[in-house]
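# Examining the three-dimensional arrangement
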Amino acid sequence: MLGEILRFLLEIAFTLFGAALIARAWMHAIRLHPFNPLARVIYQATNWLVLPLRKIIPAGNKIDWTSIVAAWLAALAYLVLIWMVALGALLPAVLLPKFLLGAVFMAAKWALNLVVWLTLIQAVLSWVNPMAPMMPLLQALTAPLLDPVRRLLPRTSIDFSPLMLLIVAQIVLMVLARLSYNVVGV
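Report on the accompanying structure. (Residues numbered from 1 in each chain as written. Predicted model: local features only at pLDDT ≥ 70, side-chain atom pairs only at ≥ 80, totals over all residues. Heavy atoms only, no water.)

### Some thoughts on the packing of helix 4 (residues 96-128) against helix 5 (residues 135-152)
- With their axes 10 Å apart at the nearest point, helix 4 and helix 5 run at an angle of 125° to one another. What the angle tells us is that helix 4 and helix 5 run oblique. Once helix 4 is placed against helix 5, the crossing between them reads as left-handed. Taken together, the residues of helix 5 that come into contact with helix 4 (itself represented by Val 115, Leu 118, Thr 119, Ile 121, Gln 122, Leu 125 and Ser 126) are Met 135, Leu 138, Gln 139, Leu 141, Thr 142, Leu 145 and Leu 146.
- Across the contact of helix 4 with helix 5, the residue classes break down as nine nonpolar, five polar and no charged. (Axes fitted to C-alpha atoms, helices over the stretch in contact; angles between N-to-C directions. Helix = DSSP H or I, 4+ residues; strand = E, 2+ residues; numbered from the N terminus. Parallel < 35°, antiparallel > 145°, perpendicular 65-115°, else oblique. Left-handed = near helix turned anticlockwise from the far one by under 90°. Contact = heavy atoms within 4.5 Å. Nonpolar A, V, L, I, M, F, W, Y, C, P; charged D, E, K, R; others polar.)

Have a look at this one:
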């Protein structure tokens, strides 16, 4: 039972931290102002890992490679810790290549979960309170994903692009779950 509790706590902590690292890279890509309150919280929560890595891996103009590598490292640490909690042993070196690939899948799952949650929050707020102070931020974050979907769908009085994005994200999450399970069993 203690192992299940520890696994649950690790999953929550690493998922939130991984999502923050992905959000940091996402905010960099859309050029979100660094003084935005949400951006400041995310920067403060992730600076301890990203800033030392930035000395080795520079952030690009469009892609914040440092934050992406940090998310991958967090996913790798998560998988290794889950292994250690489940089996009570260190990870054998022979499994390290599988775990390196599994960390890619885990970081991708975190990114897709972030897409799902931001899209859901934006959709609900658009119905309940479209003038909420958080709406411009949510629209800025989701527009690069929703705009291509909007171009593909026929124009109607109801915007179905969030629903389509959620369906596609869930399908990709199912595929990633299967792939990651086949690679590392998690």
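### With respect to the layout of surface pockets
- Space inside the largest pocket adds up to approximately 400 Å³.
- Taken together, 17 residues form the lining of the largest pocket, with Leu 16, Ala 19, Leu 114, Trp 117 and Leu 118 sitting closest to its centre.
- Only helix 1 (2-29), helix 2 (37-54) and helix 4 provide two or more residues apiece to the lining of the largest pocket.
- Ranked by residues supplied to the lining of the largest pocket, first place goes to helix 1 with seven residues.
- Each pocket or cavity is described by its volume, and for the second largest pocket that value is around 280 Å³.
- For the second largest pocket, the lining is made up of 15 residues, of which Ala 123, Ser 126, Trp 127, Asp 159 and Pro 162 are closest to its centre.
- Secondary-structure elements contributing two or more residues to the lining of the second largest pocket are helix 4, helix 5 and helix 6 (161-184).
- Ranked by residues supplied to the lining of the second largest pocket, first place goes to helix 4 with five residues.
- Taken together, the residues of the lining of the second largest pocket break down into 10 nonpolar, three polar and two charged. (1 Å grid on protein atoms, 1.4 Å probe; cavity = no way out; pocket = protein on both sides within 12 Å on 5 of 7 lines; lining within 4 Å. Points joined across faces, edges and corners; volume = space filled by probe spheres on them.)

### Things to note about the packing of aromatic side chains
- By the definition in use, this model includes four aromatic pairs.
- Aromatic side chains Phe 17 and Trp 48 sit 5.4 Å apart centroid to centroid with 25° between the ring planes, which places their arrangement in the stacked category. Note that Phe 17 is positioned in helix 1 and Trp 48 in helix 2, a separation of 31 residues in sequence.
- Classification of Phe 17 by relative accessible area gives buried; the value is 16%.
- Ring centres of Trp 83 and Phe 99 lie 5.8 Å apart, and the angle between their planes is 85°; this geometry places the pair in the edge-to-face category. In this pair, Trp 83 sits in helix 3 (residues 65-87) while Phe 99 sits in helix 4, placing the two residues 16 residues apart along the sequence. (Phe/Tyr/Trp six-rings, centres within 6.5 Å; stacked < 30°, edge-to-face > 60°. Buried < 20%, exposed > 50% of the residue type's maximum accessible area, 1.4 Å probe, protein only.)

### Examining the pattern of salt bridges
- As enumerated under the stated definition, the model contains three salt bridges in all.
- Note that Asp 64 and Arg 54 form a salt bridge whose closest N and O atoms lie 2.7 Å from each other. Of this pair, Asp 64 sits in the loop between helix 2 and helix 3 while Arg 54 sits in helix 2, and the two are 10 residues apart along the sequence.
- By relative accessible area, Arg 54 is classed as partly exposed at 29%.
- In this structure, Asp 147 engages Arg 150 in a salt bridge whose closest nitrogen and oxygen atoms are separated by 3.1 Å. In this pair, Asp 147 and Arg 150 are both assigned in helix 5, three residues apart and thus about one turn of the helix distant.
- Taking the relative accessible area as the measure of exposure, Asp 147 reaches 31% and is therefore partly exposed.
- Among the residues examined, Arg 150 registers a relative accessible area of 31% and is labelled partly exposed. (Salt bridge = Lys/Arg side-chain N within 4 Å of Asp/Glu carboxyl O.)

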